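Structure at a glance
Take a look at the letters that make up each chain.
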Amino acid sequence: RLLALAAAAFLSCGVNMLLPEILKPRVADAFAISDVKAELTGSVFFIGYIVGLPLWGVLNDTRGRRPATIVACAVMTLFGALVFAAPTYALLLVFRAIAGFGTCGVFNGVLVLVMEYVDSHKRALCKAVFACFWSGSLFLLAAVGYLLRNVSWRALLVLQLPSFLTLLLLSALLPESPRFHLVTGALAKAISLLLDVAAANKAELGFSRNEALANPSRFLLAASGASNPAAHGDDGDKDGAEELRELDSAAVPSLTPTGETCASSSDDDNHVDDGQKKHEIHRRSRARVKRDKTMGLVETVLALFSRDVRVVTAVVCYAHFVDTMLYYTVAFATSLVNTEKLYLAVALGAVVEIPAHLLMFVCANLFGRRAT
């Protein structure tokens, strides 16, 4: 179910992001502007996208993946639709920028959420599937654009139907990330989600649901040490296991596998009833999470450019820059294509991309991420 939701989200994001491929020649004629000015429909979208990257990241980490992604999808859908109602070209550009802001939140929110559910050895497959749906949006753009080529460009509003349906599906079915609940101290919610996943996958856990809900910390720690992929050599997930242990000892120190409570700062705490103890645990956990989030973004950026990883960060950023520049230069080069063959060229783009995504998945598993 989560895979289907993510695929729908990627299809919708692709439609909004790649829309200029068929929109530019239409708005150039409608607003009597040059092809150069029409190119701004793509440029302003990415300005909004860049602005959204840090903001949606903070919202995902502070408010949760689910609410942030749903709000972002609402922004993408609403302003993506308003593009086709814009009375002036300037207002159209404003709507495109805000749609880009929302699309950023959907794309990255869904990707992070799914990766937090998926085993490390299946991430390449999931990414390949999502990328295929992303490229599949080119087929949708080409088909709708061709069918509506002789009517007003505003009729392309129907291209927002996938975004609207995605918004409804995400609102009704998108789960929260267990990892988000874990780092915010909501261990009961985290273990409940994981138990639901285990039930859906018909996995045998060796303990009852009531046992896990009664002492979620014990079973979360057991999972991080015993069944976590880190135990099988995934270095990235080893860090996750360490974080789980830190959370248990620092964020919720009273929830230990032995069921012992933390040492109190006052002798009177020994006489506090269970309800007050739980309240105090919850308060301390929330206080720690709030303190960590205050500098979370700054610390993350500084960590990326620390001595140990600054070279890797620079290489990855440069690779993304070059890859994105070349991809969208080719994708948005519709002014070089004869209008009569425009929609065929857009569809052929998907024909080329989809096999490449599948080949990436095969090579990533055969030769590793770095070599691929």
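Keep in mind that this is a model prediction, so the values were computed, not measured.

1. What about the packing of aromatic side chains?
Across all of its chains, the model carries 13 aromatic pairs by this definition. Look at Phe10 and Phe130: their rings are 4.9 Å apart centre to centre, the planes differ by 20°, and that puts the pair in the stacked class. Placement of the pair is Phe10 in helix α1 (residues 2-18) and Phe130 in helix α7 (residues 123-147), with a sequence separation of 120 residues. Taking relative accessible area as the criterion, Phe130 reaches 0% and is therefore assigned buried. A ring pair is formed by Phe45 and Phe46, whose centres lie 5.7 Å apart and whose planes are at 80°; its orientation type is edge-to-face. Since its relative accessible area comes to 0%, Phe45 is described here as buried. Among the aromatic residues, ring-to-ring pairing joins Phe45, Phe46, Tyr49, Tyr327 and Tyr328 into one connected group. In this structure, Arg149 is placed above the aromatic ring of Tyr146, and the distance from its NZ or CZ to the ring centre is 3.9 Å.

2. Concerning the confidence of the model for the chain
Per-residue pLDDT for the chain has a mean of 78; in total, 77% of the residues score no lower than 70. At the low end of the mean pLDDT range in the chain sits helix α13 (residues 235-251), at 39; at the high end sits helix α5 (residues 65-82), at 96. The low-confidence segment residues 222-272, where pLDDT is below 50, has 64 contacts with residues more than four positions distant or belonging to other chains.

3. Here we look at helix α16 (residues 310-331)
With 22 residues, α16 should reach 32 Å at 1.5 Å per residue; the first-to-last C-alpha distance of 31 Å fits that figure. For α16, every residue scored as buried is listed here: Thr313, Tyr328 and Ala331. Each buried residue of α16 sits inside an arc of 55° when the element is viewed along its axis, so together they form one side. Turned more than 90 degrees from where α16 packs its buried face, Val311, Val315, Tyr318, Asp323, Thr329 and Val330 sit exposed.

4. Section: unusual backbone geometry
Positive phi values are uncommon outside glycine, yet Ala32 reaches one of about 55°. Structurally, Ala32 can be placed in the loop between α2 (20-30) and α3 (35-38). Note on Ala32: relative accessible area 71%, which makes it exposed.

5. Remarks on the side chain of His181
Locating His181 in the fold gives a position in helix α9 (residues 178-183). Given a relative accessible area of 12%, His181 falls into the buried group. Every residue in contact with His181, bar those within four places of it in the chain, is listed here: Glu176, Ala186, Leu187, Lys189, Ala190 and Leu193.

6. Things to note about the packing of α1 against helix α6 (residues 89-117)
For any two helices packed against each other, the geometry is given by the interaxial angle and the distance between the axes. For the pair α1 and α6, the least separation of the axes is 10 Å and the interaxial angle reads 155°. As far as their axial angle goes, α6 and α1 are roughly antiparallel. In this structure, α1 crosses over α6, and the sense of that crossing is left-handed. Mapping the contact onto sequence places Leu2, Ala6, Ala9, Phe10, Cys13, Asn16 and Met17 in α1 and Arg96, Thr103, Val106, Phe107, Val110, Leu111, Val114 and Tyr117 in α6.

7. Points about the pattern of salt bridges
A side chain of one charge can pair with a side chain of the opposite charge when the charged atoms of the two come close. Throughout the structure, instances matching the rule amount to 3 salt bridges. Across the pair Glu39 and Lys24 runs a salt bridge whose closest N-O atoms are separated by 2.9 Å. Taken together, the residues Glu39 in the loop between α3 and α4 (40-63) and Lys24 in helix α2 connect sequence positions 15 residues apart. Looking at Glu39, the relative accessible area reads 28%, which means it is partly exposed. What makes Lys24 buried here is its relative accessible area of 4%. Among the salt bridges present, the one from Asp61 reaches Arg65, with a minimum N-O distance of 2.8 Å. The exposure class of Asp61 is partly exposed, given its relative accessible area of 43%. Owing to a relative accessible area of 8%, Arg65 belongs among the buried residues under this scheme. Look at the salt bridges and you will find they share partners, linking Asp61, Arg65 and Glu116 into a network.

8. Section: a nonpolar patch on the surface
On the surface, Phe139, Leu344, Leu348 and Val351 cluster together to form a nonpolar patch covering roughly 360 Å² of accessible area. At 3 residues, the largest contribution of residues to the nonpolar patch is made by helix α17 (residues 342-367). Position of Phe139 relative to the elements: it lies in helix α7.

9. Observations regarding the packing of α2 against α17
Two elements in contact, α2 and α17, have axes whose closest approach is 10 Å; the angle formed by their N-to-C orientations is 165°. Viewed along their axes, α2 and α17 adopt a mutual orientation that is roughly antiparallel. Two packed elements cross with a definite hand, and for α2 against α17 that hand is right-handed. Judged by residue contacts, Glu21, Ile22, Pro25 and Arg26 of α2 engage Leu342, Tyr343 and Val346 from α17. For the contact of α2 with α17, the residue count by class is 5 nonpolar, no polar and 2 charged.

Rules used throughout
The residue numbering used here restarts from 1 in each chain and proceeds along that chain's sequence as written. Reporting in this predicted model follows two pLDDT cut-offs: at least 70 for local features of residues, and 80 or more for side-chain atom pairs to be given and counted; totals over whole chains, interfaces and linings ignore these cut-offs and use all residues. The side-chain numbers reported here are obtained from all heavy atoms of the structure, hydrogens and water having been left aside. Pairing of aromatic side chains here covers Phe, Tyr and the six-membered ring of Trp, requires ring centres within 6.5 Å, and sorts the geometry by plane angle: under 30 degrees stacked, over 60 edge-to-face, intermediate tilted. Helix and strand definitions here come from DSSP, where helices need a minimum of 4 consecutive H or I residues and strands a minimum of 2 consecutive E residues; each element is numbered from the N-terminal end. Exposure classes here rest on a 1.4 Å probe applied to the protein chains alone. A residue is buried below 20% of its type maximum, exposed above 50%, and partly exposed in between. Ring-over charges, as used throughout, are those where CZ of Arg or NZ of Lys falls within 6 Å of the ring centre and within 35 degrees of the ring normal. A score from 0 to 100, pLDDT tells how confident the predictor is in each residue. Note on contacts: a residue pair qualifies if any of its non-hydrogen atoms lie within 4.5 Å across the two residues. Take the number of residues in a helix, subtract one, and multiply by 1.5 Å to get its expected span. The reported arc concerns the directions from the helix axis to the C-beta atoms and nothing else. Orientation is described by lines fitted to C-alpha atoms, with helices fitted over the stretch in contact, and by angles between N-to-C directions that extend from 0 to 180 degrees. Angles are sorted into four bins: roughly parallel if under 35 degrees, roughly antiparallel if over 145, roughly perpendicular if 65 to 115, and oblique for all others. Left-handed is the label given to a crossing in which the near helix is rotated counterclockwise from the far helix by less than a right angle, and right-handed is the label when the rotation is clockwise. The rule for a salt bridge is simple: a side-chain nitrogen of Lys or Arg has to be within 4 Å of a carboxyl oxygen of Asp or Glu. Patches in this entry comprise residues that are over 30% relatively accessible and not in a salt bridge; like charges within 9 Å are linked, as are nonpolar side chains (Val, Leu, Ile, Met, Phe, Trp, Tyr) within 5 Å. Shrake-Rupley sampling with a 1.4 Å probe provides the accessible areas, and residues are treated as covered by the protein chains on show and by no other component. In this count, Pro and Cys sit with the nonpolar residues alongside Ala, Val, Leu, Ile, Met, Phe, Trp and Tyr, while Asp, Glu, Lys and Arg are called charged and the others, Gly among them, polar.

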